[in-house]
Amino acid sequence: PFLAAPAVSLTSPSLPALNMARSSRLVASTATALFFLFLSAACSCRAAGDSPSAVVLPVRKDSATGQYLTGFRQRTPQVPVTAVLDLGGGTLWVDCDAGYVSSSYARVPCASKLCRLAKTGACATSCVGKPSPGCLNDTCGGFPENTVTRVSTGGNLITDVLSVPTTFRPAPGPFATAPAFLFTCGATFLTEGLAAGATGMASLSRARFALPTQLAAAFRFSRKFALCLTSTSAAGVVVFGDAPYAFQPGVDLSKSLLYTPLLVNNVSTAGVSGEKDKSSEYFIGVTAIKVNGRAVPLNASLLTIDRQGGGGTKLSTVAPYTVLETSIHKAVTDAFAAETAMIPRVRAVAPFKLCYDGSKVGSTRVGPAVPTVELVLQSEAASWVVFGANSMVAAKGGALCLGVVDGGAAPRTSVVVGGHMMEDNLLEFDLQRSRLGFSSSLLFRQTTCNNFRLG
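Residues numbered from 1 in each chain as written. Predicted model: local features only at pLDDT ≥ 70, side-chain atom pairs only at ≥ 80, totals over all residues. Heavy atoms only, no water.

Looking up the protein in an unreviewed UniProt entry gives the name Peptidase A1 domain-containing protein, with the organism given as Aegilops tauschii subsp. strangulata. Quoted verbatim from the Subcellular location (unreviewed entry) heading of the UniProt record, the comment on the protein is "Secreted, Extracellular space". The Sequence similarities (unreviewed entry) comment attached to the protein in UniProt states, word for word, "Belongs to the peptidase A1 family." (UniProt positions renumbered as here; feature names shortened; annotations may be inferred.)

Spelled out as C-alpha cells, the structure:
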C-alpha cells in the first residue's frame, strides 16, 4: 500500500460574509438545477470515428467556499461526478474509497508506457484486500493532492470511461466519450476542505495527464482550452479544443483577445514531485502593477521567477481572491487608498485590509466605480486591466473591500491571481503556442460567462 505523503496544511483566507442581495434564491436554485441537468442528461455519445471539434464542462461557483465546481460522467454504468476545478494539479483525481463501482476500470501496470510517462516512480505491490480501484497490485502509483488544503497522499493510477458534453446551450449533449481516461484514485479524507458534493479535483494544468492534454489526444483537437468563470452560481464554462467564443447577444470574441506568453517555472510547485520536475501551473510575466494608470512602486525582482522557483505570478482557481506578497500588498493597497481618499472607509472585513462604505461607491457597467488595477504583461500593449467588478468584493455590513489578500513576507509565488479577478473574463490557455489570451471584462460588452453558446 502507499504511504501518505506528509500532510502540509495551508490556511486559506476565509471568505467574508458576502452580500448576495443581487442574486435571488430563485435564480441561484435555477442555475444549480441547470448545472446538474448537464450531468443527468441521457448520454447520447458520439461514435469513435466522429470526434468532436470541441467539448465543454459546465462550471458553477460554490457560494460557501468560493470554489468552482464542474461535472462530468464517468464509469460503467455511467454516474455523474462533481469535482473542484483546478488550474494546478497533475491529473484528475476522484475518491475511490466511497463506493467506486465500475465494470470498465483498468489498472495502469507498473511496467507500462503510461506509467513511465507519468514519471511518479511509484508502484503498488502489496495490497491484500479485495481487488478494487483503490486496492490493486502491480499498479502504477500517483500522488493526488488537494490543492485547497495542500494535503497529498498516494493512490493508484487507473483508466475508466469519461463522457463530457459537446454543446453548452441551449441544452447539454450529445456527449463525447473517452473510453480509457487516466486519473488517480484519491481517498475520502482527501476531499476534506472541498465544496459540498465534490468528490475530487479536475486538473486543467499543463501536465501530460491533466484534462487539456488527455482530451486533446482522445478527440484529436487542438491542445487549448478557454475558461470563463461566473461570479454567481449561474453556469460558466470550460471549452476544450476548437470552438468559436460566441456569447449572447451576438458577441464573438474569437478574434479579439489580447495575448501574453505562458511562462514555465522550472521548479515544481506540487506537493509531491521529483527533483527535476517543472511546475505544471500557469505563470505569466507581470512586469509592473498600476493603480488608476499610475505605476505602483515595488520590488520588481519579486515579479520574476528565481532559480529556486520562487516569485513570479501564477493563475489559480483554488485561491478565491488574489494573493500578494506582503510588500506588494502594502504598496498596492496604499496606492489604491490614495486614489480613493474621497470615499468613506469602514472597518476592514477579514481577510481584506481596505474596505469602504459600499453605499458611497457609485456603480458602472463594469462594477463599482473605483480606480482600475492594471497588471502590465511584458509590454504596455498587453496589460490586463481589472475593473471594479473584479477588484472589489461586497462583504458583510455593506462594506465594499479591495479583493486582495496579504500572502506573507516569503510566499512561494509573489502574485497569485485568484478566481474573483478572473470572473466574467474569457481566458484562453493555448498550450501548443504557450500563450494566454484574455478578453478583459465581458461586462463591457453587456454579456457574461453564463451567456456562452456552443452548439
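(A) Structural detail: the overall build of the protein. Along its length, the protein carries six helices and 35 strands. A total of 455 residues make up the protein; the buried ones form 55% of that total. Excluding contacts between residues fewer than 6 apart, the proportion of contacts in the protein whose partners are at least 24 apart in sequence is 71%. For the protein, the computed accessible surface area is about 18800 Å², with 55% contributed by carbon and sulfur atoms. (Helix = DSSP H or I, 4+ residues; strand = E, 2+ residues; numbered from the N terminus. Buried < 20%, exposed > 50% of the residue type's maximum accessible area, 1.4 Å probe, protein only. Contact = heavy atoms within 4.5 Å. Areas by Shrake-Rupley, 256 points an atom, 1.4 Å probe, with all protein chains shown as cover.)

(B) Representation of the state of the cysteines within the structure. Counted according to the given criterion, the structure contains six disulfides. Residue C110 pairs covalently with C123 via a disulfide, S to S 1.8 Å. Of note, the bridge from C110 to C123 carries an S-S torsion of about 85 degrees and is right-handed in sense. With a gap of 13 residues between them, C110 in the loop between β5 (106-107) and α2 (113-118) and C123 in strand β6 (residues 123-124) connect regions that are remote in the sequence. Classification of C110 as buried rests on a relative accessible area of 18%. Here C355 pairs with C401 through a disulfide, and the sulfurs are 2.1 Å apart. In this structure the cystine formed by C355 and C401 twists about its S-S bond by roughly 100 degrees; its chirality is therefore right-handed. Highlighted residues: C355 in strand β24 (residues 355-357) and C401 in strand β30 (residues 399-402), separated in sequence by 46 residues. Looking at C401, the relative accessible area reads 0%, which means it is buried. (Disulfide = S-S within 2.5 Å.)

(C) Representation of the pairing of strand β2 (residues 68-74) within the structure. In terms of residue burial, β2 counts as a mostly covered element, since seven of its seven residues are buried. Burial along β2 is two-sided: Y68, T70, F72 and Q74 facing one way and L69, G71 and R73 facing the other are all buried. With three bridges joining them, strand β1 (residues 54-61) and β2 adopt antiparallel strand pairing. Following the sheet pairing, V59 is matched in β2 by T70. The antiparallel pairing of β1 with β2 creates a hairpin that spans six residues between the two strands, and G66 there sits at a positive phi of about 80 degrees. By the bridge criterion, six bridges tie β2 to strand β3 (residues 79-86) in an arrangement that is antiparallel. By the bridge assignment for β3, F72 is matched with V81. (Pairing = 2+ DSSP bridges.)

(D) Representation of the nonpolar core in the model. One finds F225, F240, L315, W384 and F429 to be the most contacted residues of the largest nonpolar core, which totals 73 residues. Built from parts of two domains, this core gets at least three residues from each of domain 1 (54-241) and domain 2 (257-438). Look past the residues within four positions of F429 in its chain and what remains in contact with it is L87, R223, K224, F225, L227, Y282, L315, R435 and L436. Counting residues in each nonpolar core, the second largest holds 19 residues, with V237, V251, L257 and L454 among its members. (Core = buried A, V, L, I, M, F, W, Y, C linked by side-chain atoms within 4.5 Å. Domains from an automatic or database assignment.)

(E) Fine view of a positive patch on the surface. Taken together, the side chains of K113, R116, K119 and R208 present a region of like positive charge at the surface. Structurally, K119 is set in the loop between α2 and β6. Assessed through its relative accessible area of 65%, K119 is described here as exposed. (Patch = residues over 30% accessible without salt bridge, like charges linked within 9 Å, V, L, I, M, F, W, Y side chains within 5 Å. Salt bridge = Lys/Arg side-chain N within 4 Å of Asp/Glu carboxyl O. Lys, Arg positive; Asp, Glu negative; His and termini not counted. Charge placed at Lys NZ, Arg CZ, Asp CG, Glu CD.)

(F) Inspection of the packing of aromatic side chains at higher detail. In the structure shown here, the tally under the stated rule is eleven aromatic pairs. Taken together, the aromatic side chains of F225, F240, Y282 and F429 make up a single cluster linked through ring pairs. Positioned above the aromatic ring of Y259, the side-chain terminus of R435 is 3.7 Å from the ring centre. (Phe/Tyr/Trp six-rings, centres within 6.5 Å; stacked < 30°, edge-to-face > 60°. Lys NZ or Arg CZ within 6 Å of the ring centre and 35° of its normal.)

(G) Spotlight on unusual backbone geometry. Residues T76 and P77 are joined by a peptide bond in cis, for which omega reads -5 degrees. With respect to the element layout, P77 can be found in the loop between β2 and β3. Residue S434 is not a glycine yet carries a positive backbone phi of 50 degrees. Structurally, S434 can be placed in the loop between β33 (425-430) and β34 (435-441).

(H) Fine view of the pattern of salt bridges. Summed over all chains, the structure comprises eight salt bridges. Across the salt bridge formed by E423 and K61, the nearest N and O atoms sit 2.7 Å from each other. Taken as a pair, E423 in the loop between α6 (419-422) and β33 and K61 in strand β1 lie far apart in primary sequence, 362 residues in all. Among the salt bridges present, the one from E339 reaches R294, with a minimum N-O distance of 2.8 Å. Taken together, the positions of E339 in helix α4 (residues 326-339) and R294 in strand β20 (residues 294-295) put the pair 45 residues apart, joining distant regions of the chain.

(I) A look at helix α3 (residues 211-219). Counting buried positions along α3 gives seven out of nine residues, so the element sits mostly inside the fold. Within α3, the full set of buried residues consists of L211, P212, T213, Q214, L215, A216 and F219. Where α3 is buried, its residues contact β1, β10 (155-165), β11 (175-186), β12 (200-203), β13 (224-228) and β14 (236-241). Of the residues trailing α3, R220 is marked for its positive phi of about 60 degrees.

(J) Structural detail: the pairing of strand β19 (residues 286-291). In this sheet, strand β27 (residues 373-377) lies alongside β19 in antiparallel orientation, the contact comprising five bridges. Within β27, the position partnered with I289 by the bridge is L375. Two strands pair when backbone bridges link them, and β19 and β20 are joined in this way by two bridges, in the antiparallel orientation. Within β20, the residue paired with V291 across the bridge is R294.

(K) Main features of the sheet that holds strand β29 (residues 392-394). The four strands lie next to each other as β23-β24-β30-β29, forming an open sheet whose pairing is antiparallel. The open sheet terminates on both sides in strands that have one partner only, identified here as β23 (345-346) and β29.

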